[in-house]
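# Coordinates in review
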Amino acid sequence: MKYNINSIKISFLLAFSAMTILASCNKDLEQITSPAAPEATGSVLGDTLKASANDSLYYRLIIKSGLLPTINNKTTTFTMFVPDNNAMRIFINAASGGLVPLNAPDAVFSGFITANIPAATAAGIVSYNVCPQALTTASIPNSFPNFQYPSILNPAPALSALLRLTTFPTTRNGAWLNNVPITAVNLGAYNGVIHHTAFVVTPPQRYLWDRINSDAGLTYLKAAIIRADSGTAAPGFLQGALLNIGANLTVFAPTDAAFQATLTGAIYQALVAMGVPPATALAQATALASSPTVFSNPALYSVLTAQTVKGIVVYHLLGSRAFTNNFPTTTTSYRTLLNSAVPTHPGIDLTAVFGVPFVSSATVKGIANATAASVVINASPLTPDPSGTSDQHYLNGVLHKINQVLLPQ
Amino acid sequence: MRKVTSHLVAFLLTNLFTVTAFAQEISISGNVKNSNTNEATGAVSVSIKGTTEGTFTDDKGNFKLSVKSLPVTLLISSVGYELKEITVNNASQFSDVKLKPSSALGQEIVVSASRVPQKIMESPVSIERVSAAAIRTAPAASFYDVVTSLKGVDVTTSSLTFKTPTTRGFNSSGNTRFNQLVDGMDNMAPGLNFSVASIIGLSELDVDNMELLSGASSALYGPGGMNGTLLMTSKNPFKYQGFSFLVKVGMMHTDGRQRDLSAYNNWNVRWAKKISEKFAFKINMELISAKDWQGTDYRNYARAATNGAVKAGDRQSDPNYDGINVYGDETTAEIRSAVLNAIGASAAPFLKNFIDTLNGGRAINVSRTGYTEKEVTNPNTVNYKLAGSLHYKVTSNTEAVLAAYWGTGSTVYTGSERYSLKDFKMGQYKFELNNKNWSFRAYTTQENAGESYNTTVATRLFNETWKPSGGATGWFSQYAQTYLGARLNGLSDPDAHTAARATADVGRPLASSEQFKKAYDGIRKKPISQGGALLLDKSDLYSVEGNYNLTHITKAFADVIVGVNYKKYVLNSEGTLFADSAGTIGIGEFGAYLQASRKLMDRISITASGRYDKNQNFKGRFTPRATLLFKVKENNNIRLSYQTAYRFPSNQQQYINLGVGSVRLIGGNEGFATLFNFAGNPLYDFEDLRKGNFNKVNVQQLKPESLSSFEIGYKGLLMQSKMLVDLYGYFGQYQDFLGRRVTVQSNSGGPIALSDTSLGNRLSIPVNSTDKVKTYGFGLSFDYRLPRNFTIGANAASDILTDVPTNFVAYFNAPKYKVNASFGNSGFGKAKRLGFNINYRWTQGFLYQGDFATGNLPDVQTLDAQISLKLPSTKSILKLGANNLLNQYYYNAIGNSQIGGLYYLSFGYNIY
């Protein structure tokens, strides 16, 4: 009996332990995993610049701007456009009105940055040269129109948290940020990428209209715009677009002389056609076109209708931002804002000729013009608003003066 | 039909009133005991040889019988004991009877295989039987779980109390291809279309036996039963008398993985009394309460029209995360097209280029933040059953039964979504007449979905209440703007999504908050038809059936049984489930069958049967069945069968009209063509449209699906009758297989466009597959009686689906192989009072396909065990048991609750 009980116990234990072992574990449901992203390497952006001898002046500007913690934040990714020390010297030389000579020791430039450049100015420059996310040249298109990429500069945070000033990087005709050449590209950092620029790229301050409204050489254009807007409902105002931060335009601004010449010719021909003797017609035409009031002269309302003038003005506007370095080197047609009214219009022809490194000459041709108009290229490269004549950059566009009125038909 | 019924009633009444008057003069009384243990043995049949008269011992083993004259020969028999014949010459000198327990295997009597009692050894089709004795000693917390260990059975567990068994594949949480009959009544909830025997049916103490027919069985039990039929039979109060109770207390969640340690309570009470030789009654009650298992599958799921898949990612890494058991996160939007493009086009054109570069220019899909099942589902599962019956012997051959079975429960069920069945109620009420040669049954099933609701829909709607998804200040707009701003500030894509979610989720109520509870309750209690999530199902079934065994007339050439039945479904969901907002929908179904069997040359028995069924919405269908049993030698039989089965499209497949997520499930009834204007706004295949192909769907009239099945089997006693072996192999072919197809209609009513993949009306329509799928498989089992009451057994089965066309979703849901092994002893120790049982189960992993979720299930092993002590003086049993002893959590369907260990101690009084 004892044996029996033992054998029962043994067999029970054997069976139980065998089943226990067998049933030892159920696998969990299969987990699907995706490959982990490669870990970033290197120093953060600020530290990378700090370690670079040729970026010491810009690093000083960053410190002044108070944005060092921003660019050193490991959880954020930025693209930085960084003017090297040479570019910074040129910038400070100009900013100091020549007081800091180009050949001054770097300590002098550093001292000037620390002492004389307001923090807000420094922050404006640095933040305008920082874009969110890593933007290598491979992801910057070379197409036209330009790639409009926001910087981290919000000019009016109270208006909208999403408001940003935008930059215009391109790899067309070389690598550029707006109209400034990029000299070295794709320098890596833990939290982003750095491109060097040959000059300091400053954020635009004003609207296109501010320039047109105040430029003594663009009074006809201003008058034409006002005439074009007369009788138009507010949303269609050209002036409104030229004052809208959301707009993105290129204005080919015929100089007053260009307007005078075109208007004189047109009025003269109209008068001759009406039977006015040529000499009288010339005198009258010259007199009529001698002032921008030509657009507000009631006698000419039937000729210079708001619609006609608007047609001419919008023929001078591109719905994108084209610096001269974005122009094609072989003549190419581009649609203008006129195409929103006349969709099949062939547009204008643009061509640029490059010097080193900037554009030495550029032309714009309307389809009814006999010859192409020339862009009035800056006397010295990168002449900023308000004294420059080409690549004048504003919050909502770029303006080039040209020497002819473009004729759409 | 009315004429048939009236004839039937007249016939039955004639039988009823042909009552023979008895002259009862001599009374024999005695007591029956187990010769081994000397314990009184109840429910032992004591009958007078050569007559139909007899009685049963009561719970104390006593019996009393009146006879006209002496001597008589008494036949004393009970399952598990050897038959005893005693000749009584003098009633006063009659002494007590001792019955010797029998260790013979395979001697049980089954009824369901041929609708007449026969030895299980001689069943012509595969059948498994679970006796009350087996339930008593099973290592299972609930009698229903015993089915799991039977050969070839797969069980889908939705929750603690909601389990769906089937055989031969095609299992799901609400299986419509497997019939479950409780005391002859179809246990399917008429509206919800799944059997609810695990929550509303017999209570454990009242189960006399369960018989499981694997494979097609329509020829005997009518439409449905494509894959098998489970018949549960309760104890007759004439036979099983007395007061019994069974109290189980246990614990679950012992490791705190899903929730804190919680109690499991299962209380059973049964009281049956024979008032006289003519009248008996019984009352049953069962209460189960516990904290339920939970669906805790938080893996990310890619929802597609018919065949989704688990994918990488979680709430942190995937903005469009859609957790399987997380609800509310099914609401998704592509924020680039929904919000960001508009910002780039007008409000902030200077950001257009930047927006275009986000996420590499690809779609930015975002889902709302969901709530886990644990947060939104009532943790308490309660199940209460109440049943009673009155039995009256109209004659010695005819018993009238009036019975009621009522139950209510709160549990969780998986359909196309997860549903909380809250205060679900169902009653089944029947009147039955059973004669030696015929039977008549009329019953009704009354369903009430209570406060049942769709958890997924309720949670999605809840999200809309605290913050609407759409609109300029809606959740997605807030999300998209914050995301854009964060990206503009240099944040990485994941960090920007995190920031966006944090902003959009400002004000999101915690699931534990009063605000949540109040709003959630408001939604789940509002009918679906009024924009809530509440199902208002009060569908009913009315059924009448009769069988007549003509063998006493036809025995010269064959044993013949005939039968008829009529069913009427009344669908009533007030537009919350069916297209019945205008009024209830009635569906009538009629059937008749004839079965003839004959023995040839003493070794061969053949049976042929045929059944005709007609549903008012479908053409009539004839299903034949033929079986052959070849007796190799005594207790060794080879069986062959050809069976057909079919089912009419379920009530839901005919009439459902229910929006689930982004798809609306509709029925196949012709009325839907008008309701949804198929002619004016045609349906296109959704998957094809997503691939850019315009594939117009011509909606065909639905047909019943059918199955033809061949089976060969062997059952025999080997090794000096100590080993019972059963094996079978089968082959089946399904035709007109019923499934669903997701189609899409133009949103605008104009011509279909590619944009309709997101904007169009997605309609899931029931369809018959034109492809034939085949299944085959086998099963084998052995049970061996070792010395000293030890038993060892094992079974294995395999089910395989083949010829599956590409992209065809069959929902086969069966492991290729599964194995059960058991070891036990019904009485050992000094007084043979100790018992134990261990059951090990292994099922191979397989691809589970479900409307709710599809994915691979791993292999599952479970170990159940019990050890028990009998207390013969009070006929009591103390049992310590465990389901899933090793607490190895497992799922048997994607999205269902994950099942852990349940440990219990039970005490049963007067258990027999």
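Residues numbered from 1 in each chain as written. Chains lettered and ligands numbered in written order. Predicted model: local features only at pLDDT ≥ 70, side-chain atom pairs only at ≥ 80, totals over all residues.

## What to know about the overall build of chain B
Basically, it comes down to this: A run of H or I in DSSP counts as a helix once it spans at least four residues, and a run of E counts as a strand once it spans at least two, with each numbered from the N terminus. Note on method: radius of gyration uses C-alpha positions; expected globular size equals 2.2 Å times residues raised to 0.38. Buried means a residue has 20 or more other C-beta atoms within 10 Å of its own C-beta, exposed means 12 or fewer, and partly exposed covers the counts in between; C-beta atoms are placed from the backbone. Whether two residues are in contact depends on their C-beta atoms, placed from the backbone: they are in contact if these lie within 7 Å.
Of the regular secondary structure elements, chain B holds 15 helices and 53 strands. The C-alpha radius of gyration computed for chain B amounts to 30 Å, which stays within 12% of the reference 29 Å derived for 912 residues, consistent with globular compactness. Projected onto its principal axes, the C-alpha coordinates of chain B cover approximately 115 × 60 × 45 Å. In chain B, which comprises 912 residues, the share counted as buried stands at 51%. For chain B, long-range pairs separated by at least 24 residues make up 64% of all intrachain contacts whose partners lie at least 6 apart in sequence.

## Some points on the overall build of chain A
Each helix and strand in chain A was counted, giving 13 helices and 16 strands. Taken against the 2.2 N^0.38 rule, which gives 22 Å for 409 residues, the C-alpha radius of gyration of chain A at 32 Å runs more than 25% over that of a compact globule. Projecting the C-alpha coordinates of chain A onto the three principal axes gives extents of approximately 145 × 55 × 40 Å. Out of the 409 residues in chain A, the part that is buried amounts to 43%. Sequence-distant contacts in chain A: of pairs separated by 6 or more residues, those separated by 24 or more amount to 62%.

## Things to note about the sheet that holds strand β12 (residues 348-354) of chain A
Residues and elements named next belong to chain A. Put simply, the test is: Pairing between two strands is assigned when DSSP locates at least 2 bridges connecting them.
Taken in spatial order, the 4 strands line up as β11-β12-β13-β14 in an open sheet, and their pairing is antiparallel. Across the chains shown, the open sheet's two edge strands, defined by having one partner strand only, are β11 (332-334) and β14 (373-374). With 6 bridges joining them, β12 and strand β13 (residues 359-365) adopt antiparallel strand pairing. Of the residues in β13, the one forming a bridge with Ala352 is Ala362.

## Quick notes on the interface of chain B and chain A
Put simply, the rule is: Basically, the charged four are Asp, Glu, Lys and Arg, the nonpolar ten are Ala, Val, Leu, Ile, Met, Phe, Trp, Tyr, Cys and Pro, and anything else, Gly included, counts as polar.
Tallying the contact residues gives 40 residues for chain B and 35 residues for chain A. Secondary structure elements with two or more residues in the side of chain B that touches chain A: β21 (309-311), α5 (352-357), α8 (475-488), β47 (817-828), β48 (834-843) and β51 (860-871) of chain B. Tallying contributions element by element places α8 of chain B first for the side of chain B that touches chain A, with 5 residues. Its residues assigned to classes, the side of chain B that touches chain A shows 22 nonpolar, 11 polar and 7 charged.

## Here's the deal with the packing of helix α9 (residues 219-229) of chain A against helix α13 (residues 306-314) of chain A
Residue and element names in this part refer to chain A. Defined as follows: Fitted lines through C-alpha atoms give the axes, limited to the stretch in contact for helices. The angle between two N-to-C directions lies from 0 to 180 degrees. Put simply, angles under 35 degrees are roughly parallel, angles over 145 are roughly antiparallel, angles from 65 to 115 are roughly perpendicular, and the rest are oblique. A crossing counts as left-handed when the near helix is turned anticlockwise from the far one by less than a right angle, and as right-handed when that turn is clockwise.
It is the contact of α9 with α13, at a shortest axis distance of 7 Å, that shows an interaxial angle of 130 degrees. As summarised for this structure, α9 and α13 are arranged oblique, according to the angle between their axes. The way α9 lies across α13 gives a crossing that is left-handed. Where α9 abuts α13, its residues Ala224, Ile225, Arg227 and Ala228 lie against Ala306, Val309, Lys310, Ile312 and Val313. Here the contact of α9 with α13 is built from residues that sort into 7 nonpolar, no polar and 2 charged.

## Remarks on the nonpolar core
Stated precisely, the cut-off is as follows: Joining buried Ala, Val, Leu, Ile, Met, Phe, Trp, Tyr and Cys residues through C-beta atoms within 7 Å gives a set, and that set is a nonpolar core.
By size, the foremost hydrophobic cluster in this structure holds 140 residues, and its most contacted members are Val147, Met210, Met232, Ala458 and Ala533 of chain B. Ignoring any residue separated from it by four or fewer positions in sequence, one finds Ala533 of chain B in contact with Tyr453, Asn454, Val457, Ala458, Leu461, Ile523, Arg524 and Ile528 of chain B. Membership of the second largest hydrophobic core comes to 131 residues, among which are Ala241, Phe252 and Ile377 of chain A together with Ala500 of chain B.

## Focus on the confidence of the model for chain B
When pLDDT is low, close inspection of the predicted coordinates is not appropriate. Residues and elements named next belong to chain B. Just so we agree on the cut-off: One confidence number per residue, pLDDT, is output by the predictor and ranges from 0 to 100.
When pLDDT is averaged along chain B, the result is 89; 97% of the residues meet or exceed 70. Note on residues 1-24: pLDDT is under 50 here. Beyond four places in sequence and across chains, it has 17 contacts. Predicted complex, confidence summary: ipTM 0.90, pTM 0.87.

## Description of the packing of helix α11 (residues 256-273) of chain A against helix α12 (residues 278-288) of chain A
Two quantities define a packed helix pair, namely the angle between the axes and the distance from one axis to the other. Residue and element names in this part refer to chain A. Look at α11 against α12: their axes get within 8 Å of each other, and the N-to-C directions meet at 140 degrees. Regarding the angle of α11 to α12, the classification is oblique. Regarding α11 and α12, the two cross each other, and that crossing is right-handed. Side by side, α11 and α12 meet where Thr264, Ile267, Tyr268, Leu271 and Val272 of the first sit next to Pro278, Ala281, Leu282, Gln284, Ala285, Thr286 and Leu288 of the second. A per-class count over the contact of α11 with α12 returns 9 nonpolar, 3 polar and no charged.

## Some remarks on helix α4 (residues 335-347) of chain B
All names here are of chain B. This is how it is decided: By this rule, a helix spans an expected 1.5 Å times one less than how many residues it contains. The angle separating two fitted axes, one through the seven residues that finish at a residue and one through the seven that start at it, defines the bend at that residue.
Counted at 1.5 Å a residue, the expected span for α4 with its 13 residues is 18 Å, but the 16 Å between its end C-alpha atoms falls short. The sharpest bend along α4 measures roughly 30 degrees and falls at Asn341. Ile335, Arg336, Ala338, Val339 and Leu340 are the residues of α4 that are buried. Buried positions along α4 lie against β23 (332-334), α5, β24 (365-367) and α8.

## Let's talk about the environment of Arg762 of chain B
All names here are of chain B. Checked against the element boundaries, Arg762 lands in strand β44 (residues 761-768). Separated by 100 residues in the primary sequence, Arg762 and Ser662 place their C-alpha atoms 6.9 Å from one another. When residues no more than four places from it in sequence are discounted, the contact partners of Arg762 are Ser662, Val663, Arg664, Phe686, Val742 and Val744.

## Overview of unusual backbone geometry
Note on backbone geometry: most residues besides glycine have negative phi, and most peptide bonds are trans. Note that the residue after Phe144 of chain A, namely Pro145 of chain A, is joined by a cis bond; omega there is 5 degrees. Relative to the helices and strands, Pro145 of chain A resides in the loop between β2 (130-132) and β3 (149-150). Going from Leu70 of chain B to Pro71 of chain B, the amide bond is cis rather than trans, its omega being 0 degrees. Summarising the element assignment, Pro71 of chain B is placed in the loop between β4 (62-67) and β5 (72-77). Even without a glycine there, the phi angle at Arg168 of chain B is positive, about 60 degrees. Locating Arg168 of chain B in the fold gives a position in the loop between β12 (163-167) and β13 (178-182). Arg168 of chain B gets classed as buried once you count the C-beta atoms within 10 Å, which come to 30. Its identity as a non-glycine residue notwithstanding, Asp602 of chain B has a phi of 65 degrees, on the positive side. Position of Asp602 of chain B relative to the elements: it lies in the loop between β33 (585-600) and β34 (604-615).

## A few points about the pairing of strand β1 (residues 26-34) of chain B
Direction of pairing for β1 of chain B relative to β4 of chain B: antiparallel, over a ladder of 6 bridges. Pairing of Ile26 of chain B across the sheet is with Val67 of chain B, part of β4 of chain B.

## Notes on the pairing of β44 of chain B
Regular strands have side chains that alternate between both faces of the sheet. All names here are of chain B. Here β44 lies mainly inside the structure; 6 of its 8 residues are buried. Two strands pair when backbone bridges link them, and strand β43 (residues 738-745) and β44 are joined in this way by 8 bridges, in the antiparallel orientation. Bridge pairing in β44 places Arg740 opposite Pro766.

## Points about the environment of Tyr548 of chain B
All names here are of chain B. Counting through the fold element by element, Tyr548 comes out in strand β31 (residues 540-549). Residues Tyr548 and Leu594, spaced 46 residues apart in sequence, show a C-alpha to C-alpha distance of 9.6 Å. Ignoring anything within four residues of it in the chain, the contact list for Tyr548 reads Asn437, Trp438, Ile561 and Val562.

## Considerations on the sheet that holds strand β7 (residues 97-99) of chain B
Residue and element names in this part refer to chain B. On the basis of which strands lie adjacent, the open sheet formed by 3 strands has the order β4-β1-β7 and mixed pairing. Of all strands in the sheet, those bounded by a partner on one side alone are β4 and β7. Across the sheet, the mean angle from the axis of one strand to that of its neighbour is 35 degrees, orientation sign disregarded.

## Points about the environment of Ser748 of chain B
Along the chain, the position of Ser748 of chain B falls in the loop between β43 and α15 (756-759). Spatially, the C-alpha atom of Ser748 of chain B lies 9.1 Å from that of Asn681 of chain B, the residues being 67 residues apart in sequence.

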